[in-house]
Amino acid sequence: MRVAVADDSVLFREGLARLLSDGGFDVVGQAANADELLALVGEVPPDRRPDVAVVDIRMPPSHTTEGLVAAKTIRAEHPDIGVLVLSQYIETEHAMDLLSDGSGGAGYLLKDRVADIDGFRDAVQRVGEGGSAIDPEVIARLVQRKRAVDPIADLTDRERDVLALMAQGRSNRAIGAALSLSEKTVEAHVRAIFTKLGLLPAPDENRRVLAVLAFLRST
Amino acid sequence: MTGGTRWVALAAFVLTMLLVVATAVLFTVDGAIGSDPVSNLLALFAIACYGVVGALIAWRLPRSACGWLLLLIGLGLVVTTAADAATTIALREGRTGFASWALWLNSWLLVATVWPGIVVYLLVFPTGALPSRRWRSFVIAIGVLAAVGAGAHMVATWTDEPVLANPLAIAALASVADAAFILVSFAFAVALIAAVVSVVLRFRRASQLDRQALRWLAVVAVLAGALLVVAIGAGVLGLHRIGDPAGALFLLSVILGLPLSAAVALLKRRLSGIEVVANRAIVYAAVVAAITVIYAVVVGGVGAAVGGGDRPDVLAAVAATVLAALAFQPVRRRAQVLADRVVYGERASPYELVATFTERLDDATLQELLPRMATLVAEGTGADRVRVWLRAGDVLRAVAGFPPDLPPAPSGRLQGGELPILDDKAFAVRHGRDLLGAITVGMPPQEPMTPTTERLLLDLTNQAALVLRNVALLEELQRSRQRLVTSQDEARRQLERDLHDGAQQRLVTLSMDLRMAREQALASGDAELTSRLDAAEQELARSLAELRELARGIHPAILTQNGLGAALRSLAERSTVLVELRSAPEARYSPEVEATAYFVVSEALANVAKHARASRAWVEVRDGDGRLSIEVTDDGVGGADVHAGSGLMGLTDRVEAVGGRIGVRSDPGTGTSVFAEIPCASR
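Calculation criteria
- Residues numbered from 1 in each chain as written.
- Chains lettered and ligands numbered in written order.
- Predicted model: local features only at pLDDT ≥ 70, side-chain atom pairs only at ≥ 80, totals over all residues.
- Contact = placed C-beta atoms within 7 Å.
- Helix = DSSP H or I, 4+ residues; strand = E, 2+ residues; numbered from the N terminus.
- Nonpolar A, V, L, I, M, F, W, Y, C, P; charged D, E, K, R; others polar.
- Buried ≥ 20, exposed ≤ 12 C-beta atoms within 10 Å, placed from the backbone.
- Pairing = 2+ DSSP bridges.
- Right-handed = clockwise from strand over helix to strand, strands pointing away.
- Axes fitted to C-alpha atoms, helices over the stretch in contact; angles between N-to-C directions.

Side note on the interface of chain B and chain A
Facing 31 residues of chain B, the contacting portion of chain A comprises 25 residues. For the side of chain B that touches chain A, the leading source of residues is helix α13 (residues 451-524) of chain B, giving 12 residues. A per-class count over the side of chain B that touches chain A returns 11 nonpolar, 9 polar and 11 charged.

Now the structure itself:
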């Protein structure tokens, strides 16, 4: 899988590139700002075209949300290229901004998550394949926000755990492994969650994630 | 306005007055004055008031309906009264034909003029125009009502009249006319109530000046309304002993109340020099009266003492003339004082104004100070317009004025360190040799500035210097506080960015390196190294989390990135108590305003988490009237001690530096509520 990396810190960028190439990814390019990143995904030969771009949200010149803007541009212009946005602060606002067009191939993670090497490589892989990777912190925040207005108190603790993992883009099997449950039990929980939240069961996992996210952010 | 309309006003006035005099002459005929001479004479006097006040207002403000309506009511009343007296006299002399016509005129004139006049007058006072276009149909309805009522009276059959018969009676319409009386009376009662309600409603919305005018009318309206209710109620119950005097008092209060309240209210508004006319009239009347008394006493007294009887006493006349000449100036001065008091009421004497000027400004807040100063100057000098100007560098800005709704004046530029030419007469305000500002005074055309007023204003500007100097200093202080907050915010933003791009970035990279080293150690089978690297990495992760919270506390990046609304949502999500964000503005504001509002909410929520033992909190931030109003409420134990070094009090300075206010309400058992207001302009 081909990856492009964008971050204004050389040190971090190099480290990230090494981490990914050690994991078997092909790092096809590095960018220090949004313009360089857009050049990396634009007019390039097919064998240099990244499947996924890992982008820092804050980059020069204004150090606000250049990375996010670039990520959205990529998603609009190259829907087949996944984008994984990294940030030193989790802001649901930004996560939702990125995911608002409703298609897969997007991720939003706290920058610290790179230290969890396997988990991080897994997330890059998922986003590159058109799936989702949402930071658990985002989900926790959304749940908190939702509870303040209309408590998700109806859900059991176990159902809430399942909901959180589901919203991060995990499959039933992965959820089962994480919570030491059989896949069948997870399926039952998912059905219960969907019923309690008044959602229609979604045909595939990607749409399932989006449905859950859509529910969580509606206030 | 055109001379034509003015002559109509004058003609109506002269006609009213002639009729008043004629009626008074009729009253001298035995029995014509009726069974209640006192109230009839009082009514005649009131009618004269309508003529005088109505004509004055119509002459000065021909566009205003007030004067014309008062004239109409006055004419209607005087013709009715005259017709009444004429009926009595004609009856006694056996001229029943004339008596019938006089009574006929009497019967419908009130309904045709006075009743609609009063209702419409209540609607247009004091502006002289209807409250809104929607009332137009109401006025048309009143006109129709008056016409129907008058028509019914014109053709009615007089059943309770023993001697006289209506010369125009139509017997076939008798029952219709009876029904029309009842209907019209009832409708007028309802219309009157509606008009009184409209007075009350307008009073609540009126400007300061209109409110002053309406207050007088409201007193009359409420009094008359109460009397009417008593009169009608007693009438229905058959209690004539109460009903009749109440009815008479109602009529009297309406009759006297309308012109008197109009006179007082509109004189208070200093309408176009009416007060000058009144002032002069009082002075000359008093002087003439005094001189007449002197002549009467001296000539009469001396004549009686000398005993000359018929012979004109030249000596007494000369003595009286000398005395009158000597008394003229003192009498005139006294009369002037009396007239000033009657006409201008609250206008302070010049000495009083200078003496109490600073004292009267004592309890004003900074915002009120200059407007109050303008008001005091206007009250003291009788000026139409007063503006207070403040100098900042080379620019002179009008910062306050009287009346409060004075249109804004363009700024002026100093000419070689001196005042520029301004529209009104300007008085420089100096402290030492420093030019601090100016007071400009525009006098009404009928009352040009006198040397006394000018001296008074020069004295006042000396006192104003201190006030203006304080205001300038306070404004400078406020600006410097704001600059401090702005630069502090900028420093915090920079610090957060340094942390983000420096330490945080390095530590994240370091944690990645550590993790890779741990993988290598694990692969090499060095268990001890692996676990040490594990521990180090976990420690680093905690440091990173702490550093992140620290950086966010210094300045939340989302505030700069996405504005107040997004930052408050983020804050609410991260709070340890459940926070419902009920409302947050999506507009962008200046960085100081956004940061101040954010820190107020964040500090309040931190207090909720620390002290309130609350399960929930509610945050509401709204943008209205150029201010952000912020409220943070919780359902905790309350009773928070606001002064006990809470971080909130530390925010007071910050909020005040951007011109805002902050307060806390925390009663035991009812939770705590923090509220703040910050002036803002969205970008």
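Examining the pairing of strand β3 (residues 52-56) of chain A
All names here are of chain A. Summarising burial for β3: 5 of the 5 residues are buried, a large majority. Burial along β3 is two-sided: the residues Val52, Val54 and Asp56 and Ala53 and Val55 are all buried. Judged from the 4 bridges that link them, strand β1 (residues 2-6) and β3 form a sheet pairing that is parallel. Considered in β3, the bridge of Val3 is made with Val52. Bridge count between β3 and strand β4 (residues 82-87): 5 bridges; the pairing is parallel. Among the inter-strand pairings, Asp56 is bridged to a residue of β4, identified as Leu86. Viewed along the sheet, the connection from β3 through helix α3 (residues 66-77) into β4 turns out right-handed.

What to know about the sheet that holds strand β7 (residues 616-624) of chain B
Residues and elements named next belong to chain B. What the 5 strands build is an open sheet, ordered β6-β7-β8-β10-β9; its pairing is mixed. In this open sheet, the two edge strands, each paired with only one partner strand, are β6 (578-583) and β9 (661-666). Adjacent strand axes in the sheet meet at a mean angle of 15° when their direction is disregarded. Pairing analysis gives 6 bridges linking β9 to strand β10 (residues 672-679), with the strands arranged antiparallel. Bridge pairing links Gly663 to Phe675 in β10. Sheet strands in contact with helix α15 (residues 557-574) are β6 and β7, and its direction is about 155° off that of β6.

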